[in-house]
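Below, each chain spelled out in residue letters.
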Amino acid sequence: SNVSCIVDASLQYDPSGAAGNPGDHVVSILNKTYTVVVPNVPITYGITKSGVVNLSEGTITWTSTVSAARGAATASLENAAFRDDLTNVGTYVAGSLSIGGQAATPEYAANVLKYTFPQGSVSPQVVTFKTKISDAKYYVNSAQSITNKAQVYSPTNAFEKEASTSVSFTPSWIAKSSVASDTAGGSSSYISNNRSVVWSIVANQMDKTLRNA
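Residues numbered from 1 in each chain as written. Predicted model: local features only at pLDDT ≥ 70, side-chain atom pairs only at ≥ 80, totals over all residues. Heavy atoms only, no water.

Attention shifts here to a nonpolar patch on the surface. Nonpolar side chains collect at one region of the surface, where Val7, Leu11, Ile29, Leu30 and Tyr34 lie side by side and expose about 540 Å² of accessible area between them. Structurally, Val7 can be placed in the segment before β1 (23-29). Among the residues examined, Val7 registers a relative accessible area of 60% and is labelled exposed. (Patch = residues over 30% accessible without salt bridge, like charges linked within 9 Å, V, L, I, M, F, W, Y side chains within 5 Å. Areas by Shrake-Rupley, 256 points an atom, 1.4 Å probe, with all protein chains shown as cover. Salt bridge = Lys/Arg side-chain N within 4 Å of Asp/Glu carboxyl O. Helix = DSSP H or I, 4+ residues; strand = E, 2+ residues; numbered from the N terminus. Buried < 20%, exposed > 50% of the residue type's maximum accessible area, 1.4 Å probe, protein only.)

Here the focus is the layout of surface pockets. As a volume, the largest pocket reaches approximately 170 Å³. For the largest pocket, the full set of lining residues is Arg83, Asp84, Asp85, Thr87, Asn88, Val89, Val112, Thr147, Asn148, Lys149, Gln151 and Tyr153. Put simply, the parts of the chain that give the lining of the largest pocket at least two residues each are β6 (81-85) and β13 (144-153). Among the elements that line the lining of the largest pocket, the one with the most residues is β13, at five residues. Across the lining of the largest pocket, the residue classes tally to three nonpolar, five polar and four charged. (1 Å grid on protein atoms, 1.4 Å probe; cavity = no way out; pocket = protein on both sides within 12 Å on 5 of 7 lines; lining within 4 Å. Points joined across faces, edges and corners; volume = space filled by probe spheres on them. Nonpolar A, V, L, I, M, F, W, Y, C, P; charged D, E, K, R; others polar.)

On to the pairing of strand β14 (residues 159-169). Taken together, the ten bridges between β13 and β14 define a ladder with antiparallel strand orientation. By the bridge assignment, Gln144 is partnered in β14 with Phe169. Hairpin geometry of β13 and β14 is characterised by an intervening segment of five residues between the two adjacent antiparallel strands and by a positive phi of about 70 degrees at Asn157. (Pairing = 2+ DSSP bridges.)

Dropping the structure here:
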């Protein structure tokens, strides 16, 4: 009797089950109770970007997938924000924004498109909208390229992640070709006299309405 001892042990908290949820948990060890604080797993955000050109419309459809994860589980995107600076991209086509296939209204000012995900938004969310190709890149007859970068911000307005993509296209407004006439008199040798060249010019191959062109 009246024997006392000191026990030194290394313990590891088991996060499985309900006790693994973030918050305070009371546990019992050797008839003593302790409060174990399970911290919140930080949310990791992700974003992808792609674009498809429609030359007949003169537009580009941009698609981004915004995601959020807490560890291995998906997380809420509520109050997170999608941003896209369109300064060197093109003008936003009004009414073209959709979130998950549903029409949505963005904030659009100073060439910056912004959308804040509302309550109940869960990961992932697909953001789609159109921009107009500028005249400088549309009314030409050579290869063009446009780069666009989208970003995702946390509910505290902290920058989290960005994704960039480029689309390439070649408008074709006018083409020219030529065909020389047959050799004169049916001779197999080349004779320059009495020959002609037929020039063919096909304009407005984009089939657009061009007033006062």
